[in-house]
Amino acid sequence: MRINFILVFTGLFLTNILAQEPKFGNITKEELTQKEYALDTTASAVVTYRKVSITYEYVKGVGFKVLTNIHERMKIYSSEGFKYGTISENLYKSGSDRETIGAIKAITYNLENGKIVKSKLAKGDIFEEEVNKHRLRKKFTMPNLKAGSVIEYKYGISSPFNYNIDEIVLQYDIPIVQQEIKVSIPEYFVFKERTKGYLHFDIKRSSDSGSIAFLSTNKTSGSGLQPQRTSMSSSSIDYLTKESDIRMKDVPALKPEPFINNINNYRSSLKLELQYTKFPNSSIKNYTSNWEKVVKKIYDHESFGGQLNKSKYFKDDLNTVLQGKATSQDKMLAIYQFVKERMNWNNNYGYTSDEGVKKAYESKTGNIADINLILVGMLRAANLKVNPVLISTRNHGIPLFPTLEGFNYVAASVNIDGNTILLDASNKFAKPDLLPTRALNWSGRIVAENGASKELSLMPKIRAGKIVMLDAELSDSGELNGKIRRVLEDDYAAYVFRNIYEAMDEDSYLGKLEEKYDGIEIEEYMIKNKLNIGKPIVENFDFYGEDLVEFIGDNIYMSPMLWFTTAENPFTLDERTYPIDFTYPTKNKYMFKIKIPDGYKVDFLPEPITLVMPQKQASFKYALGVLNGNIIQVSAVEQVNVPIVQAGNYPILKNYYKSVIEKQLEKVVLSKINGNGNTESTTGGR
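Residues numbered from 1 in each chain as written. Predicted model: local features only at pLDDT ≥ 70, side-chain atom pairs only at ≥ 80, totals over all residues. Heavy atoms only, no water.

**Q** Sorry if this is basic, but what is going on with helix 8 (residues 492-501) here?
**A** What sets the pattern is the α-helix's 3.6 residues per turn: residues three or four places apart point alike. Extensive coverage of helix 8 is indicated by the burial of seven of its 10 residues. Listing the buried residues of helix 8 in full gives Tyr 492, Ala 493, Ala 494, Tyr 495, Phe 497, Arg 498 and Tyr 501. Those residues of helix 8 that are buried lie in contact with strand 24 (464-474), strand 25 (480-488), helix 9 (506-516), strand 26 (521-528) and strand 27 (537-545). (Buried < 20%, exposed > 50% of the residue type's maximum accessible area, 1.4 Å probe, protein only. Helix = DSSP H or I, 4+ residues; strand = E, 2+ residues; numbered from the N terminus. Contact = heavy atoms within 4.5 Å.)

Here it is as structure tokens:
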């Protein structure tokens, strides 16, 4: 359990029943008949009881082991909650040492014909798989799951890695009615407590005692007719234990919200960081760390810093790549393009090479570290100023505390004429200063050649830009025919498109596009620069659509933004505690010309509007006009100028989107012209 793994479980039920620790298997009909959780009626499952006990046990000849015992009871309300019936634990291994899980006891309870029926987990339903050379995964799925089931399981985990206690998660994706967390640590290990998240909880501290018993065997030699004798003696060492006790009730679910980089960054938890150990008759051994020490340790690792000094394996190829390249910029681009084209990512993360960069180079396949350490090595061999950059990906979370597990990725940072340029050769469609979106996670750490480090912002310098031009004609029966030209600028807009649609055939793509655009029919589709990095993607196609307008009497009501209208505000909460993460800035520009039917006249146009958030974090400019009396012109520009909006500005952002949506939903009204040339108006015009 050295790696953080969040068990997303659940429970149910009346708090007064759980005032005391429930015994395993003591299930009531009341629990099985409960239909919903009163404090969160949307919950598909709820953890009714959870107990986690972490203790140390001394094993002769081995030393202290960390024992973690888990007992959880959960109520499943609906089929959506079945996913919480699969329990999974990641176990760490290093050399001959490995964590083990055992004593698994798991039962599903159902109410059938008024009787409680038990379904026990069979040993054959417990599976183990190897994730990588350092991690195993043990998992099982509860049997006979139904809407209304109560599931209960308990197991223990034994870890020889006594210097590490996994982050203790205090909040799940579903509610927890009652939980008890108890940690008991011998006085020889001194940990520092760090908390994360927004939930308030108290830690009750106390002390207890422990003892290590030793049994010795003494043999005495016989003399004369006296036989050899064996005697046994015992001794013990007493020590104090420091105990931390957390008890929580009615813990709310941590629910995902729109535009959030990783919800686990905000999950309430307790992390214990080892500061030092002090055993009897031994000196203090310090473990207290900071980022400098963490990075230095990573740099000194043979699979990281040791790989940067290897260059013989690519020497001949590098000479070829650099032919005719005189400037640092040209050399960087040539090497970067060469590594991107040669190497193929095997979908594994990591900041250390799995089997060495030389082997990865020869096989043309490797993990993130293999590819980008090769890139750093080649750039250094070309005498460019380059260093690796340690990163924690968005799905890995933001490393709040100095730890070796804080990073899981590495890229390259090149300095040319005082400018820092970020490179990642693991994605075929990335380019200088355009990192794969998975790596856009606030900040990383540059690792210098001596192992020193400094923080580096990973906030994207490049935005996502899109231009949509539409020229169409509306018939008097409501059909819309026209042409669309869509331009995705050679930035994150094109990058995202290329990664999604690289392997997709054109028919599948057009099917999804037609569905996205309210079921229009697309014909004569053409695309330029689909995979050509350095140029914008340009799409042109004809379209036909129905049911895009509304007839009321003799008037036609039309949303001028058509299917590009944002219909709902993504921000619905009254308040928000997490930053709003848009990943990268965006700019969307729309230019429409829509010819109205003969016999109709524009009777009402929405007023123009310009909205700007404080510090120009976002803006919206919208205007409509009429050309030659029968063509509606629409111009709209939507911009988000920052990748992240802090939670304190959430009310402003929410109101901004509300105003944008209200304006986009305003209708253009077309009135029918009667026989004498007058307009039959019901709106009064403007």
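**Q** Help me out: how do you make sense of the sheet that holds strand 24 in this one?
**A** In a beta sheet, neighbouring strands pair by backbone hydrogen bonds and run either parallel or antiparallel. Here eight strands make up an open sheet; going across it, the order is 26-27-25-24-31-35-34-33 and the pairing mixed. With partners counted over all chains shown, the strands left at the sheet margins are strand 26 and strand 33 (609-612), one partner each. Within the sheet, the average angular offset between the axes of one strand and its neighbour, ignoring direction, is 10°. Examined bridge by bridge, strand 24 and strand 25 share nine bridges and lie antiparallel to one another. Directly across from Leu 470, in strand 25, lies its bridge partner Ile 484. Each of strand 25, strand 26 and strand 27 is contacted by helix 9, which is oriented at about 125° to strand 26, the strand it contacts most. (Pairing = 2+ DSSP bridges. Axes fitted to C-alpha atoms, helices over the stretch in contact; angles between N-to-C directions.)

**Q** Looking at this structure, I do not really get the layout of surface pockets. What am I missing?
**A** Gaps between atoms show up when a probe of the same size as a water molecule is rolled over them. Considering only enclosed or pocket space, the second largest pocket measures out at about 1,100 Å³ in volume. Along the wall of the second largest pocket there are 40 residues; nearest its centre are Lys 466, Thr 586, Asn 588, Tyr 590 and Glu 638. Of all the secondary-structure elements, those providing two or more residues to the lining of the second largest pocket are strand 24, strand 25, helix 8, helix 9, strand 31 (586-595), strand 34 (618-627), strand 35 (631-640) and helix 10 (650-665). Counting residues per element, the lining of the second largest pocket draws most heavily on helix 8, at six residues. Looking at the lining of the second largest pocket residue by residue, the class counts come to 25 nonpolar, eight polar and seven charged. (1 Å grid on protein atoms, 1.4 Å probe; cavity = no way out; pocket = protein on both sides within 12 Å on 5 of 7 lines; lining within 4 Å. Points joined across faces, edges and corners; volume = space filled by probe spheres on them. Nonpolar A, V, L, I, M, F, W, Y, C, P; charged D, E, K, R; others polar.)

**Q** Looking at this structure, I do not really get the pattern of salt bridges. What am I missing?
**A** Should the charged atoms of two oppositely charged side chains come close, the side chains can pair. All told, the structure shown has 32 salt bridges when counted by the stated rule. One salt bridge in this structure joins Lys 255 and Asp 40, with 3.1 Å as the shortest N-O distance. Highlighted residues: Lys 255 in the loop between strand 14 (229-251) and strand 15 (269-277) and Asp 40 in the loop between helix 1 (29-33) and strand 1 (45-59), separated in sequence by 215 residues. Across the salt bridge formed by Glu 292 and Arg 445, the nearest N and O atoms sit 3.8 Å from each other. With a gap of 153 residues between them, Glu 292 in helix 2 (residues 291-300) and Arg 445 in strand 22 (residues 443-447) connect regions that are remote in the sequence. Here the salt bridges share partners, and the residues they tie into one network are Glu 31, Arg 73 and Glu 152. (Salt bridge = Lys/Arg side-chain N within 4 Å of Asp/Glu carboxyl O.)

**Q** Just to check I follow, could you spell out a positive patch on the surface for this structure?
**A** A grouping of Lys 105, Lys 118, Lys 120 and Lys 154 is seen on the molecular surface, where their side chains present a positively charged patch. Position of Lys 105 relative to the elements: it lies in strand 5 (residues 100-112). For Lys 105, a relative accessible area of 43% puts it in the partly exposed group. (Patch = residues over 30% accessible without salt bridge, like charges linked within 9 Å, V, L, I, M, F, W, Y side chains within 5 Å. Areas by Shrake-Rupley, 256 points an atom, 1.4 Å probe, with all protein chains shown as cover. Lys, Arg positive; Asp, Glu negative; His and termini not counted. Charge placed at Lys NZ, Arg CZ, Asp CG, Glu CD.)

**Q** Looking at this structure, I do not really get helix 10. What am I missing?
**A** Between its first and last C-alpha atoms helix 10 spans 22 Å; for 16 residues at 1.5 Å apiece the expected length is 22 Å, and the two agree. In this structure, the buried side of helix 10 is in contact with strand 30 (580-581), strand 33, strand 34, strand 35 and strand 36 (644-645). (Expected span 1.5 Å × (residues − 1).)

**Q** Can you walk me through the nonpolar core in this structure?
**A** Soluble, globular proteins show a tendency: their nonpolar side chains are buried together. Judged by nonpolar contacts, the single largest core of 120 residues is most densely connected at Ile 335, Trp 563 and Ile 632. Ranked by residue count, the leading element in this core is helix 7 (residues 368-381), at nine residues. Counting 46 residues, the second-largest nonpolar core is a separate cluster that includes Ile 151, Val 169, Leu 170 and Phe 191. (Core = buried A, V, L, I, M, F, W, Y, C linked by side-chain atoms within 4.5 Å.)

In short, shape yes, function no, at least from these values alone.
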